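Listed below, chain by chain, are the residues.
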Amino acid sequence: MPETIAIIPARAGSQRIPGKNIRPLAGHPLLAYSIAAAQQSGVCDRVIVSTDSAEVAEIAVVYGAEVPGLRPAEISGPDAHDVLFLRHAMEHWVSGTPDQLWVLARPTSPLRSGASIRNARQMLMDNPWADSIRALRPVTEHPGKMWRITESGEATTYLDQDGAYNGPTQALERLYVQASSLEIVRRGAVEEHNSIAGARVLPFFLPEGEDSDVNSESDWVALETLIHENPHLLPVIETSSP
């Protein structure tokens, strides 16, 4: 079995929701649920939080994650590519062979379960042609119905199509958007392609609700409403809140 490392990116800065990664949700900081899901998956040999914040690091350790060091500021800004924190962890904290698996469990998806991590990992192992697996969900607004406005003020369809925009959405090609809730990639693919996806990606569909992604105050309100009505959706955390 390949070694599996869960990494949870939790930088300090958040422009849309200040302090998002450690903001309390149902009595625990947001990132605690991703730590718990990785632990409860039963397949992660290590659970590491990558952060540039001593405060985040302290909280992560309380909830059972490793923080081998702080992430450099130059790869922690809002425009830094995700592969940078992953390569940093590989080069400075975790050695391993090309078949080593890395689970990216972002704190902004607290409803993603340990069972889903386990199932996705097994799917990737069952498909050796794939460099990675990525959670997807169907688009809610199809690009076949999208328009752009030219400099002259004319509205033109975003896609070059023969009147399909006037037809029913269900007649258009089925398309998907990345859910950002779960990615698993082989170490060798990251090193060869300098990418968190590699060259070939296997799709994975999370159970309904688990693909939630919190990036705005309205997302947060919707999440709180959802878990108030369905508290069982959150991973169970036994550690006391710091």
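To keep things clear, this report deals only with the structure shown in the data block. (Residues numbered from 1 in each chain as written. Predicted model: local features only at pLDDT ≥ 70, side-chain atom pairs only at ≥ 80, totals over all residues. Heavy atoms only, no water.)

**Describing the environment of L223**
Move 1: The topology assignment puts L223 in helix 6 (residues 217–229).
Move 2: Taking relative accessible area as the criterion, L223 reaches 4% and is therefore assigned buried.
Move 3: L223 sits 165 residues away from E58 along the chain, and the two C-alpha atoms are 25 Å apart.
Move 4: Ignoring anything within four residues of it in the chain, the contact list for L223 reads L25, P110, L111, S212 and V214. (Helix = DSSP H or I, 4+ residues; strand = E, 2+ residues; numbered from the N terminus. Buried < 20%, exposed > 50% of the residue type's maximum accessible area, 1.4 Å probe, protein only. Contact = heavy atoms within 4.5 Å.)

**Overview of the pairing of strand 1 (residues 4–9)**
Move 1: Buried residues dominate strand 1, accounting for 6 of its 6 residues.
Move 2: Residues T4, A6 and I8 point to one face of strand 1 and I5, I7 and P9 to the other, with burial holding for every one of them.
Move 3: The pairing of strand 1 with strand 5 (residues 101–104) spans 4 bridges and is parallel. Bridge assignment links A6 to a residue of strand 5, and that residue is V103.
Move 4: In this sheet, strand 4 (residues 46–50) lies alongside strand 1 in parallel orientation, the contact comprising 5 bridges. (Pairing = 2+ DSSP bridges.)

**Topic: the sheet that holds strand 1**
Move 1: Here 6 strands make up an open sheet; going across it, the order is 4-1-5-9-6-10 and the pairing mixed. Among the strands making up the open sheet, the edge pair consists of strand 4 and strand 10 (201–204). Each strand of the sheet is rotated relative to its neighbour by a mean of 30°, with strand direction disregarded.
Move 2: Examined bridge by bridge, strand 6 (residues 132–138) and strand 9 (residues 176–186) share 6 bridges and lie antiparallel to one another. When the bridges of strand 9 are listed, L136 appears paired with Q178.
Move 3: Against the sheet, helix 3 (residues 82–92) touches strand 1, strand 4, strand 5 and strand 9, its axis set at about 140° to strand 5.
Move 4: Against the sheet, helix 4 (residues 114–126) makes contact with strand 1, strand 5, strand 6, strand 9 and strand 10, and its axis sits at roughly 70° relative to strand 9, the strand it touches most. (Axes fitted to C-alpha atoms, helices over the stretch in contact; angles between N-to-C directions.)

**Here's the deal with the side chain of N21**
Move 1: Along the polypeptide, N21 turns up in the loop between strand 1 and strand 2 (24–25).
Move 2: Residue N21 is classed as buried on the basis of its relative accessible area of 9%.
Move 3: At 3.0 Å, the side chain of N21 forms a polar contact with the backbone oxygen of R11.
Move 4: Once residues lying within four places of it in the same chain are set aside, the contact partners of N21 are A10, R11, P29, L30, L31 and P107. (Polar contact = N/O pair within 3.5 Å; in protein donor to acceptor, adjacent residues only side chain to side chain.)

**Some thoughts on the environment of S195**
Move 1: Here S195 shows up in the loop between helix 5 (187–193) and strand 10.
Move 2: Considering only alpha carbons, one finds S195 and V83, 112 residues apart in sequence, at a separation of 5.7 Å.
Move 3: With residues near it in sequence (within four places) discarded, S195 still touches V83, A189 and V190.

**As for the pattern of salt bridges**
Side chains that differ in charge, positive against negative, can pair when their charged atoms come close.
Move 1: Inspection of every chain in the model, using the stated rule, returns 7 salt bridges.
Move 2: Ionic pairing is found between R87 and E91, a salt bridge with its closest N-O pair at 3.3 Å. Taken together, the residues R87 and E91, both in helix 3 and 4 residues apart, mark about one turn of the helix.
Move 3: Accessibility expressed as a relative area gives 54% for E91, which makes it exposed. (Salt bridge = Lys/Arg side-chain N within 4 Å of Asp/Glu carboxyl O.)

**A look at the packing of aromatic side chains**
Move 1: Within the structure shown, the criterion is met by 2 aromatic pairs.
Move 2: Above the ring of W220, the side-chain terminus of R23 is found at 4.5 Å from the ring centroid. (Phe/Tyr/Trp six-rings, centres within 6.5 Å; stacked < 30°, edge-to-face > 60°. Lys NZ or Arg CZ within 6 Å of the ring centre and 35° of its normal.)

**Quick word on the packing of helix 1 (residues 30–41) against helix 4**
Move 1: Between helix 1 and helix 4, whose axes approach to 7 Å, the crossing angle comes to 55°. By the angle between their axes, helix 1 is oblique relative to helix 4. Crossing of helix 1 over helix 4 shows right-handed handedness. Two secondary-structure elements touch here, helix 1 through A37, A38, Q40 and S41 and helix 4 through G114, I117 and R118.
Move 2: The residue makeup of the contact of helix 1 with helix 4, split by class, is 3 nonpolar, 3 polar and 1 charged. (Parallel < 35°, antiparallel > 145°, perpendicular 65-115°, else oblique. Left-handed = near helix turned anticlockwise from the far one by under 90°. Nonpolar A, V, L, I, M, F, W, Y, C, P; charged D, E, K, R; others polar.)

**Some remarks on the nonpolar core**
Move 1: The biggest cluster of nonpolar side chains holds 45 residues, and the ones touching the most others in it are L25, I35, C44, V47, V49, L182 and I184.
Move 2: Ranked by residue count, the leading element in this core is helix 1, at 8 residues.
Move 3: Here I35 is in contact with I8, V47, V49, A60, Y63 and A65, once residues within four sequence places are set aside.
Move 4: Counting 16 residues, the second largest nonpolar core, distinct from the first, contains I48, V185, A189 and V190. (Core = buried A, V, L, I, M, F, W, Y, C linked by side-chain atoms within 4.5 Å.)

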